[in-house]
Amino acid sequence: MSAPPRRAATPVIAIDGPAAAGKGTLARRLAETLGLPYLDTGLLYRAVGRLVLDAGADPADPDAAAAAVAALAEHHLRRDDLRGPAADAAAAAVASLPAVRAALLDFQRGFGAARGAVLDGRDIGTVIFPDAPVKLFVTASLPARARRRWLELEAKGIEAPLARVEEEMRVRDAMDEARLAAPLRPAADAVLLDTTDLDPDAAFAAALKVVRERLDVT
Ligand code: C5P
């Protein structure tokens, strides 16, 4: 029997999944529609990774990552160099360090605690908000996700062979799934949404249906 809808005082919508599955677009649109704040938690790891690179250090070095996370400020999340292969790899490396994850936990929880929020990432439904009333695990096939990322890069004028984009994505997903600290996996009570054959409107409609079933919202 499915749980009855509830009007949560602080409705948190947790959206997890691998790279380029459509989480960000979906999360942003849900937040806008429901009048909730939105946090792209990947930006936190990207900014920390970028600060380590700025310091000329190795993102897998726990001391360098600890110094970066201690120096992290809100304006770092607005840097324009948080995307691209180097930033992707640095983010995934710092994200596998338990001390980095622990240092970012309170900020993420605080963001959603006051009046609810939509957060997207890898461990929102499993670690950050394990009691979130709505959890979606958004995925798509690797070729579909790589193609989307490749088209995004192309639109920005960045040339990269599709095969390389796919391989880098495969490696990053594998790191996110294999790490011991908060590995990427669906929460037991998450609803799976496969967007391989869905356009953004269809994915949004499916997600909104889940939200309406789980929360008492119209
Ligand atoms: O979502 P995005 O691709 O921007 O995330 C970049 C990297 O940050 C991911 O590959 C993952 O290693 C890490 N991440 C994470 N937990 C989150 C969000 C992102 O480990 N909640």
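Scroll up a little and you will see the structure.
Residues numbered from 1 in each chain as written. Predicted model: local features only at pLDDT ≥ 70, side-chain atom pairs only at ≥ 80, totals over all residues. Heavy atoms only, no water.

**Considering the environment of A55**
Here is step 1: Here A55 is to be found in the loop between α2 (42-54) and α3 (62-71).
Here is step 2: With 24 residues separating them in the primary sequence, A55 and R79 have C-alpha atoms 16 Å apart. (Helix = DSSP H or I, 4+ residues; strand = E, 2+ residues; numbered from the N terminus.)

**With respect to the side chain of R149**
Here is step 1: One can find R149 in helix α7 (residues 142-155).
Here is step 2: On the basis of relative accessibility, which here comes to 17%, the residue R149 falls in the buried class.
Here is step 3: Filtering out sequence-adjacent residues up to four positions away, R149 remains in contact with A20, D88, V165, M169 and R172. (Buried < 20%, exposed > 50% of the residue type's maximum accessible area, 1.4 Å probe, protein only. Contact = heavy atoms within 4.5 Å.)

**Topic: the pattern of salt bridges**
Here is step 1: Throughout the structure, instances matching the rule amount to 16 salt bridges.
Here is step 2: Residue D173 pairs with R145 through a salt bridge whose shortest N-O separation is 2.8 Å. In this pair, D173 is assigned in helix α8 (residues 162-178) and R145 in helix α7, connecting sequence segments 28 residues apart. The exposure classification of D173 matches that of R145, with both residues buried.
Here is step 3: Across the salt bridge formed by E152 and R149, the nearest N and O atoms sit 3.0 Å from each other. You can see E152 and its partner R149 sitting in helix α7, 3 residues apart, about one turn around the helix.
Here is step 4: Accessibility expressed as a relative area gives 41% for E152, which makes it partly exposed.
Here is step 5: One network of salt bridges, in which partners are shared, links R50, D54, R79 and D81. (Salt bridge = Lys/Arg side-chain N within 4 Å of Asp/Glu carboxyl O.)

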